[in-house]
Amino acid sequence: MRAWHSLLFSAMLWGGLAVAAPAPTSQTPQSFRDCADCPEVVWVPAGSFMMGVSSEVEVRNGLPAYAAGGNLPIHKVTFAKRFAMGKYPVTVAQFRTFVQETGHQTVNSCTNQQRNDGHMIYEEARGFSWRDPGFPQTDNHPVLCVSWDDAMAYSAWLSKKTGHRYSLPNQSQYEYATRAGTTTDYFWGDGRPQKDDPACLYANMPDLDQGRAMGSDVPMDWKYRYQCSDGWAYTAPVGTYRPNPWGLHDMLGNIWEWTEDCWSPNHQGAPTDGSTRTDGDCDAHPSMGGSYGNAAYSGYAGMRGPRDADYRGHSWGFRIARAE
């Protein structure tokens, strides 16, 4: 399984018509915290949506045809109750508070992008961690180089600290909250234009700035890069980009985010009540949202990718969800 996961995401590393962005909601969603050091959360309303992505949408956004179909069948999911979602990914400062209060031990290594024989490859490297992922970050950047196990430990600590039930969002919650009532490929529209892409207003995607930072020999065309520049080659501070219609930031782009579910290669047999999927490969877990540095085709709503629970990567982090 580990080899297959690595193969899939090595391919993603090198990896349209725009429509008007969603109209602003009539009232800005109100965020709140359960403690001074807790992440801000926003209530996500009860309701239903169609979960999944057609093969046509995947190919339209650049996914190779042979890899399409992993987000089928499209199926209706209903949330009987509202839940809260982190307004932003968990930040470096917030994770530091957790480590200081609990003494949680993290590993001093992280899978990083490195040049080898003239090629950019992913390779685990000692000396990198959430404290130093290999490029500058401030306290307000999303924490990186944290495993699924680290994220679960953070959620358990937050639950004990506040008396509320915190967890990682599951796949259904993540896609529902990302779409925020929209049905387009991205919450701002359909497809990836081959010039003047509006994505850089809404998300930190693998854009032209990120490509330039990798070196003069990397591909820069539509297949590999969003055709826009946002001023950030690596991660951006949380909240840099415009929120989706429900007031959530960075649901697409910036970092891959862990979800709670066990990994399944498609949505066959997936829960329809918004609950966490507990069958399949429970040594691996889906990540969602895409990142600043992975393949351009990995950033649309509903895209999922597997990683083992102990994986730590320089574009991997998480946000939290909270039950009512």
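Bear in mind that the values here come from a model prediction, so they are computed numbers and not experimental data. (Residues numbered from 1 in each chain as written. Predicted model: local features only at pLDDT ≥ 70, side-chain atom pairs only at ≥ 80, totals over all residues. Heavy atoms only, no water.)

### Details of the packing of aromatic side chains
Turning to step 1, where the next piece is worked out: Taken as a whole and judged by the stated rule, the model has 25 aromatic pairs.
Turning to step 2, where the next piece is worked out: For the ring pair phenylalanine 49 and tyrosine 176, a centre distance of 5.2 Å and an interplane angle of 40 degrees mean the geometry is tilted. In this pair, phenylalanine 49 is assigned in strand β3 (residues 47–51) and tyrosine 176 in helix α5 (residues 171–179), connecting sequence segments 127 residues apart.
Turning to step 3, where the next piece is worked out: Among the residues examined, phenylalanine 49 registers a relative accessible area of 10% and is labelled buried.
Turning to step 4, where the next piece is worked out: Ring-pair connections join several aromatic residues into one group, and the members of that group are Phe95, Phe98, Trp130, Tyr154, Trp157 and Phe318.
Turning to step 5, where the next piece is worked out: The ring of tryptophan 222 is capped by arginine 192, whose NZ or CZ atom sits 4.2 Å from the centre of that ring.
Turning to step 6, where the next piece is worked out: One residue, arginine 307, lies across the ring of tryptophan 316, its end atom 5.3 Å from the ring centre. (Phe/Tyr/Trp six-rings, centres within 6.5 Å; stacked < 30°, edge-to-face > 60°. Helix = DSSP H or I, 4+ residues; strand = E, 2+ residues; numbered from the N terminus. Buried < 20%, exposed > 50% of the residue type's maximum accessible area, 1.4 Å probe, protein only. Lys NZ or Arg CZ within 6 Å of the ring centre and 35° of its normal.)

### Points about the environment of glycine 269
Turning to step 1, where the next piece is worked out: Looking at the element boundaries, glycine 269 is found in the loop between β9 (256–258) and β10 (284–288).
Turning to step 2, where the next piece is worked out: Given the relative accessible area of 62%, glycine 269 is considered exposed.

### Some remarks on the sheet that holds β9
Pairing between the strands of a sheet is mediated by backbone hydrogen bonds and can be parallel or antiparallel.
Turning to step 1, where the next piece is worked out: The sheet built from four strands is open, its strands ordered β11-β10-β9-β12 with mixed pairing. The open sheet has two edge strands with one neighbour each: β11 (304–308) and β12 (316–317).
Turning to step 2, where the next piece is worked out: Pairing between β9 and β10: two bridges, direction antiparallel. Residue pairing across strands places glutamate 257 opposite methionine 288, the latter belonging to β10.
Turning to step 3, where the next piece is worked out: Strands β9, β10 and β11 of the sheet are contacted by α5, whose axis makes an angle of about 0 degrees with β10. (Pairing = 2+ DSSP bridges. Contact = heavy atoms within 4.5 Å. Axes fitted to C-alpha atoms, helices over the stretch in contact; angles between N-to-C directions.)

### Considerations on the sheet that holds strand β5 (residues 83–86)
Turning to step 1, where the next piece is worked out: Strand order in this open sheet of five strands is β1-β2-β5-β13-β8, and the pairing throughout is antiparallel. Pairing within the sheet leaves two strands with one partner each, and these edge strands are β1 (31–32) and β8 (166–167).
Turning to step 2, where the next piece is worked out: When β1 meets strand β2 (residues 41–44), the two strands line up antiparallel, connected through two bridges. What sits directly across from serine 31, in β2, is valine 42.
Turning to step 3, where the next piece is worked out: Strand contacts of α5: β2, β5 and β13 (321–323), with the helix running at about 75 degrees to β5, the strand carrying the most contacts.

Just distances and angles here, no functional claims.
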